[in-house]
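An overview of the molecular structure
Listed below are the residues making up each chain.
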Amino acid sequence: MHFSKLIRNVGLCLSRAFVGCTGAGILLLSVAGCGIIGGDSPEQAFARLKKAAAEENWQAVLASLDDSSQKKLVAIHWAVVALASLADKEAQELLRKYDAAVEDILGAPLLGLVLGKAEPEKIVQEIEQKMLQIKDRHEFLRETHSWLQGKGLGERSFLAQLRRTELKDLRIEKEMATADLTEPILINQTRITFRKEGHRWLVVL
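These lines cover the structure that appears in this document, whether it is placed above or below. (Residues numbered from 1 in each chain as written. Predicted model: local features only at pLDDT ≥ 70, side-chain atom pairs only at ≥ 80, totals over all residues. Heavy atoms only, no water.)

Some details on the overall build of the protein
The cut-off we apply is this: Numbering of helices and strands runs from the N terminus; a helix is a DSSP stretch of H or I covering at least four residues, while a strand is a stretch of E covering at least two. Burial status follows relative accessibility: with a 1.4 Å probe on protein chains alone, a residue under 20% of its type maximum counts as buried, one over 50% as exposed, and anything between as partly exposed. Any two residues whose heavy atoms approach within 4.5 Å are treated as being in contact.
Across its full length, the protein holds nine helices and four strands. Secondary structure elements of the protein occur, N-terminal to C-terminal, as α-α-α-α-α-α-α-α-α-β-β-β-β. Counting over 205 residues, the protein shows a buried share of 35%. Residue pairs in contact within the protein that sit at least 24 positions apart in sequence constitute 52% of those at least 6 positions apart.

Quick notes on the nonpolar core
Note the following rule: Among buried residues, those of type Ala, Val, Leu, Ile, Met, Phe, Trp, Tyr and Cys that are joined through side-chain atoms within 4.5 Å constitute a nonpolar core.
Core analysis: the biggest nonpolar cluster contains 40 residues, and Val61, Trp78, Phe158, Ile192 and Phe194 have the highest contact counts within it. Other than its neighbours up to four places away in sequence, Phe158 contacts Trp58, Val61, Leu73, His77, Ile185, Leu186 and Leu205.

Focus: the environment of Ala60
Within the fold, Ala60 resides in helix H3 (residues 58-63). C-alpha of Ala60 to C-alpha of Arg48: the two residues are 12 residues apart in sequence and 8.0 Å apart in space.

Some details on the side chain of Ser64
Positionally, Ser64 belongs in the loop between H3 and helix H4 (67-84). A relative accessible area of 4% means that Ser64 is categorised as buried.

Quick look at helix H5 (residues 89-97)
An α-helical turn contains 3.6 residues, so any two residues separated by three or four positions project in the same direction. Applied cut-off: In this description, the arc belongs to the directions extending from the helix axis to the C-beta atoms.
Considered for burial, the residues of H5 that qualify are Ala91, Leu94 and Leu95. Around the axis of H5, the buried residues are gathered within 95 degrees of arc, so they sit on the same side. Counted as exposed and oriented over 90 degrees from the buried face of H5: Lys89, Glu93 and Lys97. A positive phi of about 50 degrees marks Asp99, the residue just after H5.

As for the sheet that holds strand S2 (residues 176-185)
Rules: Any two strands with at least two DSSP bridges between them are considered paired. Inter-axis angles, ranging from 0 to 180 degrees, are taken between N-to-C directions of lines fitted to C-alpha atoms, where helices are fitted over the stretch in contact.
One open sheet holds the four strands; their spatial order is S1-S2-S3-S4, and the pairing between them is antiparallel. Each edge of the open sheet is held by one strand with a lone partner, namely strand S1 (167-173) and strand S4 (200-204). The sheet shows a mean angle of 25 degrees between the axes of neighbouring strands, taken without regard to direction. Pairing analysis gives five bridges linking S1 to S2, with the strands arranged antiparallel. What sits directly across from Ile172, in S2, is Ala177. The sheet contacts of helix H2 (residues 42-54) involve S1, S2, strand S3 (189-197) and S4, and relative to S4 the element is tilted by about 60 degrees.

Considerations on the pattern of salt bridges
The condition that has to hold: Salt bridge, as used here: a side-chain nitrogen of Lys or Arg that lies within 4 Å of a carboxyl oxygen of Asp or Glu.
On inspection of all chains with the given rule, the structure shows 14 salt bridges. The partner of Lys51 in a salt bridge is Glu55, and the shortest N-O contact between them spans 2.7 Å. A relative accessible area of 45% places Glu55 in the partly exposed class. As a salt-bridge pair, Arg171 and Asp180 come within 3.9 Å of each other at their nearest N and O atoms. Connected via shared salt-bridge partners are Asp66, Arg195 and Glu197.

Right under this line is the structure:
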C-alpha cells in the first residue's frame, strides 16, 4: 500500500471515530443535563438539590451549593451538635472525631468572653476559621445528620426541610436569581438565592 493511501485510510478511520465520539458526547451531555446543551436554570439547580436530599446524598447536596453555603451548612450542623455535646457523650465523640470539639474551637476566645475581655465577634471569627479544618464536609454532614435522626430530630433536619419545600415567585436577573420558599429551611429561612457559574446554576443558602 502506498504511503499516501495509508494516510488517507487512517484519516478516514479517525474522522469516523471522531464523528462517532462527538455524537456520543453530545448524547451524554444532553442526557446528563450538564447545562451546555439546552442550558440550565435555577429550577433545575433546586431540583438537583432536592433529589440529593431525597437520596441523602451529601456529596451531591454539596455539589449543588456554592462554597460559602457549604461552609454555612457545616457550621449550622456543628452548632447544633456542639450545643448538645455539653451534655451528650455521643455528640462529644462525634465532634472530637473531626477535631471540632467545642473547647478546641472556642478555647481562649470563650474564656476571654467569660472574663469580659473578648467580644462575641471574635468567637464567631474563631469558629469560622476552625470550620475550615473539617475537610470531609460530606462525611461530617452525613454523620451529624445520622446523629440528629438518632435523637428523633430527623424531621427537623435540613434534608427533611428541603424535601417539604418548593420554590415560588422566582425572579432572575442576569447571573443571579431569588425565590421564596413554601416552607422554611435552616433557621426559618424563607428565601433562597441562586448564582450562575459558567453554564451551571448553584444554590446559595
